Structure formats: structure tokens, C-alpha cells
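Below, each chain spelled out in residue letters.
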Amino acid sequence: MRHDPLHPHAHDPNLETPAGDGRFVLSRPGHAPLTLTPQDLAALPQTSLPGCFIVSTGHGTSGPFTFSGVTLRDLLRHYLPAGEGYAHLEIISTDAFGTRVWADELHPGRDHPILLATHRDTLPLTRDQGLVRLIVPSETDDALRQVKWISHIHCIAP
Ligand SMILES: Nc1nc2c(c(=O)[nH]1)N[C@H]1C(S)=C(S)[C@@H](COP(=O)(O)O)O[C@H]1N2
Ligand SMILES: [Mo]
């Protein structure tokens, strides 16, 4: 199979915090890209996920943390015009890491939603902690989907 840079099998976490202020670009098929800030996220419905662990094969497990922010589902409900579908999302970071999130992972029946976290244990995420970080509670192996320093979210058309 072709190597997919957004689906690595192993990865050493980047220890060098990239520059940035947490703003990221949301691109949607057929629309102009939008630049969003942590302040924009604060205006959307907030969700808290207690009991999150970051499980790194390289440097051990940290947590439990309560991450809070906006679910990806609520973000898309707000910014994607009603009825517009997408097949999956590419979540890309400033340091060119990332993951894919499939539309069915955002199904409302899921009890552990995927979160765009802006806070950890009620405090804003620091730059070292990722500023805006994807939290995928179902990923408990090697933290490969817990993407820090989000810079782009691309909605990919079906
Ligand atoms: N942007 C970005 N996010 C990333 C990584 C990375 O290199 N860049 N590494 C991942 C891996 S492999 C691990 S183990 C965790 C480390 O997260 P921590 O610093 O909170 O322990 O971040 C994940 N998210
Ligand atoms: Mo990791």
C-alpha cells in the first residue's frame, strides 16, 4: 500500500515546539478557506472529556487529563452549510504531522467524541502542549492521532 503520511505506523514525537498562536485554516469544498482562532472556538458549544490519557510508546503515559474545547462535530455543524457532506477530514499540524478523521467517526451516537481541545484541566493549552490539539479518545496505543499544533483542517469531498 502507498505510504500515507497521515497514517504513520510509528513516529517519534516532535520535541521542538513550532511557532504559532493557535490559529488554523478550515477549508471546505467549494468555499473560501476560513482562518479560525482559539477565541472563535471559545464562542462555540464547549465539551469536556475527563479521564484522557496520552499514551506514548516513546516516553510513557501521561494523564488522566480533562481536555475541553469544541467537538469536531460541533465545529462542522457550525461552519459547514447544512446538508453538505464530506468523506473525511485531514487534520494537519504546523510541523507537518497529522491524521485523518472519517465522517462516521463523528456520528452523534459515539459517546467519546473527537475534540479540538483548547484547554487541559481548565487551563488554556500552552504552546508546548499544542495550543489547539486533536483528542481522539478511541486511540489508546501510541498517541499518533493526538495531533498538537493544528494548522489546517481540510474537509475532503466524497
Ligand atoms: N503536531 C504533532 N503532534 C503530535 C506529534 C508530533 O510529532 N507533532 N507526535 C505524536 C506522538 S507520536 C506522541 S507520543 C504525542 C506526545 O504528546 P505529549 O507531548 O502530550 O506526550 O504527540 C502526538 N502528537
Ligand atoms: Mo507516540
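For the structure itself, consult the block above.
Below you will find a few notes about this structure. Here the structure is a predicted model, which is why all the values come from computation and not from measurement. (Residues numbered from 1 in each chain as written. Chains lettered and ligands numbered in written order. Predicted model: local features only at pLDDT ≥ 70, side-chain atom pairs only at ≥ 80, totals over all residues. Heavy atoms only, no water.)

### Here we look at the pattern of salt bridges
Opposite charge on two side chains permits pairing when their charged atoms draw close. Following the criterion strictly, the structure yields five salt bridges and no others. Its salt-bridge partner being Asp4, residue Arg100 comes within 2.8 Å of it at the nearest N-O pair. Of this pair, Arg100 sits in strand E6 (residues 98–102) while Asp4 sits in the segment before strand E1 (24–27), and the two are 96 residues apart along the sequence. Per residue, the accessibility class of Arg100 equals that of Asp4, and both read buried. Note that Arg145 is salt-bridged to Glu105, the shortest N-O span being 2.9 Å. With Arg145 in the loop between strand E9 (133–135) and strand E10 (150–156) and Glu105 in the loop between E6 and strand E7 (115–120), the pair connects residues that are 40 residues apart, well separated along the chain. Within this structure, Asp4, Glu90 and Arg100 form a network of salt bridges that share partners. (Salt bridge = Lys/Arg side-chain N within 4 Å of Asp/Glu carboxyl O. Helix = DSSP H or I, 4+ residues; strand = E, 2+ residues; numbered from the N terminus. Buried < 20%, exposed > 50% of the residue type's maximum accessible area, 1.4 Å probe, protein only.)

### Topic: the site of ligand 1
With respect to spatial proximity, 17 residues lie near ligand 1, and among them His11, Asp95, Arg133, Gln146 and Lys148 are the closest. Arg133 is positioned such that a nitrogen or oxygen atom in its side chain is 2.9 Å from an oxygen atom of ligand 1. Protein chains bury 91% of the 530 Å² of accessible surface belonging to ligand 1 in isolation. Counted by class, the shell around ligand 1 contains seven nonpolar, six polar and four charged residues. (Near = heavy atom within 4 Å. Polar contact = N/O pair within 3.5 Å; in protein donor to acceptor, adjacent residues only side chain to side chain. Areas by Shrake-Rupley, 256 points an atom, 1.4 Å probe, with all protein chains shown as cover. Nonpolar A, V, L, I, M, F, W, Y, C, P; charged D, E, K, R; others polar.)

### What about the packing of aromatic side chains?
With the rule as written, the count across this model stands at one aromatic pair. Relative to Phe67, the ring of Phe65 lies with its centre 5.6 Å away and its plane at 65°, an arrangement referred to as edge-to-face. An identical accessibility class is assigned to Phe65 and Phe67; each is buried. (Phe/Tyr/Trp six-rings, centres within 6.5 Å; stacked < 30°, edge-to-face > 60°.)

### So, the pairing of E7
Bridging between strand E4 (residues 60–71) and E7 involves five bridges; their strand directions are antiparallel. The partner of Thr71 across the bridge, within E7, is Leu115. As defined by bridge partners, E7 adjoins E9 across three bridges and the pair is classed as antiparallel. By the bridge assignment, Leu116 is partnered in E9 with Leu134. Bridge count between E7 and strand E8 (residues 123–124): two bridges; the pairing is antiparallel. The residue of E8 that forms the bridge with Arg120 is Leu123. Counted between consecutive antiparallel strands, the loop separating E7 from E8 contains two residues, among which Asp121 sits at a positive phi close to 50°. (Pairing = 2+ DSSP bridges.)

Everything listed is a geometric property; what it means functionally is a separate question.
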